[in-house]
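Survey of secondary and tertiary structure
Residue-level listing of the chains:
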Amino acid sequence: MIEWFTWVQVAVAVAAGLLCLVLGLAGRVPSDLTNGALAVVELLLVVQLVVAIAAPAFGNEPTGSVLEFYTYLVGALLLPPAAVFWALLERSRWSTVVLGVAALAVAVMVYRMLQIWTVQQA
Amino acid sequence: MSGIGRVLVAVYGVLALAAVGRSFVQIASKFEEAPLAYSLSALAAVVYVLATVALIRSGRGWYRVAWATIVFEFTGVIVIGTLSIVDPALFPHDTVWSWFGRGYLFIPLVLPLLGMWWLAKHRPGQVALRTDAA
């Protein structure tokens, strides 16, 4: 796991989440902007997956449970597509809020993944 | 289910995913350490999934399932949450409900309340009437 990349990823996911929450609560239906924000979040997760698979070969090993790490990663990968699918199906302002909820959940999960990879307090 | 209820379903879905993921990790890697706590985790995870499905589906049967699962969750978070503070030795390993769901931003404590409020306001009969009118 590359630490700076992970922090960028958390920041992007939080920004995308807040953007969707604000636009959704302001009454906007899902748009190219909000769906696109989730697509960026998903793209970064795929990059993270590639990095996680490659990193141990370069001496960058997780300190915590590999199983737990990948459970979070796979779970996070499922969220943006599910939320965007929902947004395409039902074009209401609340679908935009759902996009935001998904992006914020991804941010929390990526942060947890960083903890599992770098520091183990439990 | 419409409007802001959709958001409720989404948050339930995320919590269900979190509970299933965590329970999977616990059972796959260290079940023998705390069979009781981890079985409870698995049960809680299944109930969250069931609650999510019940909230999405319509009809009187699913409405009852939604109430049952949400009340079960609320009871769980209150009982296990209290026990984990009063007698921490009982639950040395974290469950989704320990300390009233502290590990999950207290979402397990707040969500059932929102769920019950939602269900009370949207009985199947009323929803049917509204659909007929529309």
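Preceding this paragraph is the structure being described.
Residues numbered from 1 in each chain as written. Chains lettered and ligands numbered in written order. Predicted model: local features only at pLDDT ≥ 70, side-chain atom pairs only at ≥ 80, totals over all residues. Heavy atoms only, no water.

So, about the overall build of chain B. Secondary structure summary: chain B contains five helices and zero strands in total. Ordered by position from N to C terminus, the α and β elements of chain B give α-α-α-α-α. Put simply, chain B has 134 residues, and 39% of those count as buried. Long-range pairs, those at least 24 residues apart, make up 64% of the contacts in chain B between residues at least 6 apart in sequence. (Helix = DSSP H or I, 4+ residues; strand = E, 2+ residues; numbered from the N terminus. Buried < 20%, exposed > 50% of the residue type's maximum accessible area, 1.4 Å probe, protein only. Contact = heavy atoms within 4.5 Å.)

If you look at the interface, chain A gives 14 residues, while chain B gives 14 residues. Of the roughly 1,200 Å² buried between chain A and chain B on both sides combined, carbon and sulfur atoms contribute 86%. On the chain A side of the interface with chain B, the three residues burying the most area are L67, W86 and W94 of chain A, jointly 40% of the side's total. At the boundary of chain A with chain B, the tally comes to one salt bridge. Across the salt bridge formed by E90 of chain A and R6 of chain B, the nearest N and O atoms sit 2.7 Å from each other. Our enumeration of links across chain A and chain B arrives at one residue pair in polar contact (both at pLDDT 80 or more). Listed by contribution, the elements that provide at least two residues to the side of chain A that touches chain B are α3 (66-89) and α4 (93-118) of chain A. Element by element, the count of residues in the side of chain A that touches chain B is highest for α3 of chain A, at seven residues. Looking at the side of chain A that touches chain B, its residues break down into ten nonpolar, two polar and two charged. (Buried area = accessible area lost by both parts, 1.4 Å probe. Salt bridge = Lys/Arg side-chain N within 4 Å of Asp/Glu carboxyl O. Polar contact = N/O pair within 3.5 Å; in protein donor to acceptor, adjacent residues only side chain to side chain. Nonpolar A, V, L, I, M, F, W, Y, C, P; charged D, E, K, R; others polar.)

All names here are of chain B. The geometry of helix α1 (residues 5-30) relative to helix α2 (residues 35-56) is characterised by a closest axis approach of 8 Å and an angle of 155° between their N-to-C directions. When the interaxial angle is binned, α1 and α2 end up roughly antiparallel. Of the two elements, α1 crosses α2, and the hand of that crossing is left-handed. Here L8, V9, Y12, G13, L15, A16, A19, V20, S23, Q26, I27 and K30 of α1 lie close against α2, whose contacting residues are Y38, S41, A42, A45, Y48, V49, A51, T52, L55 and I56. (Axes fitted to C-alpha atoms, helices over the stretch in contact; angles between N-to-C directions. Parallel < 35°, antiparallel > 145°, perpendicular 65-115°, else oblique. Left-handed = near helix turned anticlockwise from the far one by under 90°.)

A few words now on the nonpolar core. Judged by nonpolar contacts, the single largest core of 64 residues is most densely connected at F69 of chain A together with Y12, Y48 and L55 of chain B. Every element with two or more residues in this core is listed here: α1 (3-25), α2 (32-54), α3 and α4 of chain A together with α1, α2, α3 (60-86) and α4 (107-121) of chain B. Of the residues forming this core, the biggest block, 16 residues, is contributed by α4 of chain A. (Core = buried A, V, L, I, M, F, W, Y, C linked by side-chain atoms within 4.5 Å.)

Residue and element names in this part refer to chain A. Interhelical geometry of α1 versus α2 gives an angle of 160° and a closest axis separation of 10 Å. Here α1 lies roughly antiparallel to α2, going by the angle between them. Here the hand of the crossing between α1 and α2 comes out left-handed. Across the interface between the two elements, F5, T6, Q9, V12, A13, A16, L19, C20 and L23 from α1 touch L33, T34, A37, L38, V40, V41, L44, L45, V47 and Q48 from α2. Each residue belonging to the contact of α1 with α2 can be placed in one class, and the counts come to 15 nonpolar, four polar and no charged.

It is worth spelling out the pattern of salt bridges at this point. All names here are of chain A. Scanning the entire structure with this criterion turns up two salt bridges over all chains. Taking the shortest distance from any N to any O, the salt bridge between R112 and E68 comes out at 3.3 Å. A residue pair is termed long-range when its members are at least 10 positions apart, and R112 in helix α4 and E68 in helix α3 qualify at 44 residues. Residue E68 is classed as partly exposed on the basis of its relative accessible area, which comes to 22%.

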